[in-house]
Amino acid sequence: MDSAARHRLLERQLRRARDETGALDLERLLDLVSAAYAEQDEARRLNDHAVRLMSEELYALNAHVRSEAAAEARAVEETLFALVEAIGDGVLVLDGEGTVIGFNAAAEAMFGADRATVLGRAFDALGFTPDAAACEALLNLKESGAEITAARAGGAPFTAEVAAARMILDRRPRTVLIWRDVTARKQAEEALRAALERADAANQAKSQFLAAMSHEIRTPLNGVLGTAGALARTALNPEQAAMVRVMLDSGEILTTILSDVLDLAKIEAGKLELETAPFHPGEVLKSVAGLFRASAADRGLALAAEVDPALDEAVLGDSARLRQVVQNLLSNALKFTAEGEVRLVARRETGPGGDRLKVEVRDTGCGVPEEARARLFTRFTQADASTTRRFGGTGLGLALCRELVGAMGGEIGMRPGEGGGSVFWFALPLRAAVDEAASAEPARPEAVEVAGLNVLAVDDNATNRFVLKSILEAVGCRVTLAENGEEAVRLALAEAFDAILMDVHMPVLDGLGAARAIRASGSPYADVPIVAVTAEAMAEHVDRALAAGMDRHVTKPIRPDRLLSVLAEAAALRRPEGRDRSAA
């Protein structure tokens, strides 16, 4: 109480202590003052009591709040550890000092360590990382998915992906390390990589085997067909001519099978190359049909061709592959048709996706059972085993057609013919040749007459030399023979030959080396036209021959007409105005 308040209280007490006369009654005054002080003391006591009660209430409330917060924190931590326990990955929880305070069941299984032996220990003392530096790097990890080599309790290494997370729990720092054992995945990846390497090696070996077998088969086949071809150009009686025709036909079938196998191998290896050049599809289709007319007539069959005049316009594409597909389909149709006709129908169709070529080969043959249609275009498959025994064949033709049509962006199929037989069809997109004159191949030099040409024929195989000599001499060529590249270089630089027919694989010096030596000689005869005559039939082999300085490429087995045509064309290159290897 301040002085003014005390002064006012004293004045009130003095007034109350006076009697009726106004005289001051001292005893009464003392009683009043004592009572006033007693009241003040009681009020102070009551106030102190109230303050004490309030303090006790506040303390109890604070203790309750802190207890609830602690319980909530404990509940959160318990929930966290329950979640950690349920996780399939190994989880370690560390406190701010790096001591392990959480170690789930997955971590026990992963590290082979009992939880009781791990909890409360420093992480860097557990030996789960290969060294202290790795441990420190792991504790300072900032990126998820780091891959390390970890160790199990017994010391066995394993590969793990580790993610680190940092958090605050109950106002205390925590580090959570999540471990995933990727050893099995890494082993599987390594096994897959090794399998891919083995598959690549096997594919390479297969390609080398096919190339080698192609060479080995084509070389004796060249002797058979070349000799038969040369024999066919001599005077034969009808019976002898028929025998030679059988030899040639059989050889052509074997050559086709060999080419089909190589084409499929190239497709499997992703090495099939399609040309994009202007051509007239109508002319190609009519030409192919013309090739089979004699064969159809021999079988007593009619062969008709209905080609849409709209297909006479130039388009861009691979005419050789189109020809190959149509030949396969026509050959099949004739093989499986005993009587009636085979009809080639081709038209140009226009649709939302642009123009396309639609070709159908219809026959009146034995047809294809419904259950066999789904596997018709599968390799080495025919309608049934009896078909193979009756008609022969490898079952490669339709499979190759499917691959070639697919590579050209088209589709192929089969349906039963009306009234019997079969209809094999395919459709290809058509791209118009915008400027045929500008994009056409360079003009080839006009072929010369082969009679009288002076030709050097080089081959290490005596049979092949005999075949070349027989074919060339039969049309009036003068022929000089050589057995290897070294002998060929010596002869070529000593005499003016009109052309050289050069094998590639030969002892002492191969054909490529011989061609390079002739071109680099500086001799007046260094520009002699050189034609590669080889059993190597793949595109890379042709490119390699041209790169070595050869001008043309003929594949064994030799077809006399093809050889003489290329020879006549190559001989024209001897004239300076005709020299153009790019036209090969």
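Residues numbered from 1 in each chain as written. Predicted model: local features only at pLDDT ≥ 70, side-chain atom pairs only at ≥ 80, totals over all residues. Heavy atoms only, no water.

1. Overview of the nonpolar core
Taken as a class, soluble globular proteins show a tendency for nonpolar side chains to be buried jointly.
Then, number 1: Core analysis: the largest hydrophobic core is formed by 43 residues, its most contacted members being Leu 285, Leu 330 and Phe 426.
Then, number 2: Listed by contribution, the elements that provide at least two residues to this core are α8 (281–298), β7 (302–307), α9 (319–335), β9 (341–351), β10 (354–363), α12 (397–407), β11 (411–416) and β12 (422–429).
Then, number 3: Element by element, the count of residues in this core is highest for α9, at seven residues.
Then, number 4: Those residues in contact with Leu 285 that lie beyond four places of it in its chain are Val 307, Leu 311, Val 326, Leu 344, Ala 346, Leu 357 and Val 359.
Then, number 5: Counting 24 residues, the second-largest nonpolar core is a separate cluster that includes Val 455, Ile 471, Ala 499 and Leu 564. (Core = buried A, V, L, I, M, F, W, Y, C linked by side-chain atoms within 4.5 Å. Buried < 20%, exposed > 50% of the residue type's maximum accessible area, 1.4 Å probe, protein only. Helix = DSSP H or I, 4+ residues; strand = E, 2+ residues; numbered from the N terminus. Contact = heavy atoms within 4.5 Å.)

2. Some thoughts on the pairing of strand β16 (residues 499–502)
Then, number 1: Taking every second residue as pointing to the same face, both faces of β16 are buried, with Ala 499 and Leu 501 on one and Ile 500 and Met 502 on the other.
Then, number 2: The pairing of strand β14 (residues 454–458) with β16 spans four bridges and is classified as parallel. Within β16, the position partnered with Ala 457 by the bridge is Leu 501.
Then, number 3: In this view, the connection linking β16 to its parallel neighbour strand β17 (residues 530–534) by way of helix α16 (residues 511–519) has right-handed handedness. (Pairing = 2+ DSSP bridges. Right-handed = clockwise from strand over helix to strand, strands pointing away.)

3. With respect to α9
Along an α-helix, residues three or four positions apart point the same way, because every turn accommodates 3.6 residues.
Then, number 1: In this model, α9 (17 residues) spans 24 Å end to end at C-alpha, consistent with the 24 Å of a helix rising 1.5 Å per residue.
Then, number 2: Buried within α9 we find Arg 321, Leu 322, Gln 324, Val 325, Val 326, Asn 328, Leu 329, Leu 330, Asn 332, Ala 333 and Leu 334.
Then, number 3: Of the residues flanking the start of α9, the one acting as N-cap is Asp 318, its side-chain oxygen 3.1 Å from the backbone nitrogen of Ala 320. (Expected span 1.5 Å × (residues − 1). Polar contact = N/O pair within 3.5 Å; in protein donor to acceptor, adjacent residues only side chain to side chain.)

4. Here we look at the packing of α8 against α9
Then, number 1: The geometry of α8 relative to α9 is characterised by a closest axis approach of 10 Å and an angle of 30 degrees between their N-to-C directions. Taken together, the axes of α8 and α9 are roughly parallel relative to one another. Pair α8 / α9 crosses with right-handed handedness. Within the contact between the two elements, α8 uses Pro 281, Val 284, Leu 285, Ser 287, Val 288, Ala 289, Leu 291, Phe 292, Ser 295 and Ala 296 and α9 uses Ser 319, Leu 322, Arg 323, Val 326, Gln 327, Leu 330, Ser 331 and Leu 334. (Axes fitted to C-alpha atoms, helices over the stretch in contact; angles between N-to-C directions. Parallel < 35°, antiparallel > 145°, perpendicular 65-115°, else oblique. Left-handed = near helix turned anticlockwise from the far one by under 90°.)

5. Things to note about the sheet that holds strand β18 (residues 552–555)
Then, number 1: Pairing is parallel across the open sheet formed by five strands, whose spatial order is β15-β14-β16-β17-β18. At either end of the open sheet lies a strand with only one pairing partner, and these are β15 (478–482) and β18. This sheet shows a mean twist of 20 degrees between the axes of neighbouring strands, independent of strand direction.
Then, number 2: Relative to β17, β16 is paired through three bridges, and the arrangement is parallel. In the sheet register, Ile 500 faces β17, and the bridge partner there is Ile 530.
Then, number 3: Across the sheet, helix α15 (residues 485–492) lies against β14, β15 and β16, angled at about 140 degrees from β15, the strand it touches most.
Then, number 4: Across the face of the sheet, α16 comes into contact with β16 and β17 while running at roughly 155 degrees to β16.

6. Quick look at unusual backbone geometry
Then, number 1: Residues other than glycine seldom take positive phi values, yet Val 508 does so here, at roughly 70 degrees.
Then, number 2: For Val 508, the location among the structural elements is in the loop between β16 and α16.

7. A look at the packing of α15 against α16
Two packed helices can be described by the angle between their axes and the distance between those axes.
Then, number 1: The N-to-C vectors of α15 and α16 enclose an angle of 25 degrees; their axes lie 9 Å apart at closest approach. It follows that α15 is roughly parallel to α16 by the angle criterion. The element α15 and its partner α16 pack so that their crossing is right-handed. The residues of α16 that touch α15, namely those facing Gly 485, Val 489 and Ala 492, are Ala 514, Ala 517 and Ile 518.
Then, number 2: Along the lines of polarity and charge, the residues of the contact of α15 with α16 split into five nonpolar, one polar and no charged. (Nonpolar A, V, L, I, M, F, W, Y, C, P; charged D, E, K, R; others polar.)

8. A word on the pattern of salt bridges
Then, number 1: In this structure the tally under the stated criterion is 23 salt bridges.
Then, number 2: Between Glu 349 and Arg 347 there is a salt bridge, with the nearest N and O atoms lying 3.1 Å from each other.
Then, number 3: Judged by its relative accessible area of 28%, Arg 347 falls in the partly exposed class.
Then, number 4: The salt bridge partner of Arg 356 is Glu 411, with a shortest N-O separation of 3.1 Å. Within this pair, whereas Arg 356 is found in strand β10, its partner Glu 411 is found in strand β11, the two being separated by 55 residues in sequence. (Salt bridge = Lys/Arg side-chain N within 4 Å of Asp/Glu carboxyl O.)

9. Notes on the environment of Asn 140
Then, number 1: Here Asn 140 is to be found in the loop between α5 (132–139) and β3 (146–151).
Then, number 2: According to the relative accessible area criterion, Asn 140 is partly exposed, its value standing at 45%.
Then, number 3: Sequence separation of Asn 140 and Thr 175 is 35 residues, and the distance between their C-alpha atoms is 9.9 Å.

10. Points about the sheet that holds strand β4 (residues 157–169)
Then, number 1: Strand order in the open sheet made by the five strands is β2-β1-β5-β4-β3, with antiparallel pairing throughout. The sheet is open, and its two borders are formed by β2 (100–103) and β3, each paired with just one other strand. Averaged over all adjacent pairs, the angle separating strand axes in this sheet is 35 degrees, with direction ignored.

11. Overview of a nonpolar patch on the surface
Then, number 1: On the surface, Phe 209, Met 213, Ile 217 and Leu 254 cluster together into a nonpolar patch covering about 330 Å² of accessible area.
Then, number 2: For the nonpolar patch, the element with the most residues is helix α6 (residues 183–232), which contributes three residues.
Then, number 3: Considering the arrangement of structural elements, one finds Met 213 in helix α6.
Then, number 4: Its relative accessible area of 32% is what places Met 213 among the partly exposed residues. (Patch = residues over 30% accessible without salt bridge, like charges linked within 9 Å, V, L, I, M, F, W, Y side chains within 5 Å. Areas by Shrake-Rupley, 256 points an atom, 1.4 Å probe, with all protein chains shown as cover.)

12. Points about the confidence of the model for the protein chain
Low pLDDT marks regions whose predicted coordinates should not be analysed in detail.
Then, number 1: For the protein chain, the mean per-residue pLDDT works out to 79, and 81% of the residues sit at or above 70.
Then, number 2: Under a pLDDT of 50 for its full length, residues 385–394 has, in the predicted model, 15 contacts with residues more than four places off or in other chains.
Then, number 3: Long-range and interchain partners of residues 575–584, a stretch whose pLDDT sits below 50, account for 26 contacts in this model, where long-range means more than four residues apart. (pLDDT = per-residue confidence, 0-100.)

13. Overview of the packing of aromatic side chains
Then, number 1: Counted by the stated rule, this structure contains six aromatic pairs.
Then, number 2: Here the aromatic rings of Phe 111 and Trp 179 are separated by 5.0 Å at their centres, their planes lie at 80 degrees, and the arrangement is edge-to-face. Note that Phe 111 is positioned in helix α3 (residues 105–111) and Trp 179 in strand β5 (residues 172–181), a separation of 68 residues in sequence. Trp 179 shares its class with Phe 111; the two are buried. (Phe/Tyr/Trp six-rings, centres within 6.5 Å; stacked < 30°, edge-to-face > 60°.)

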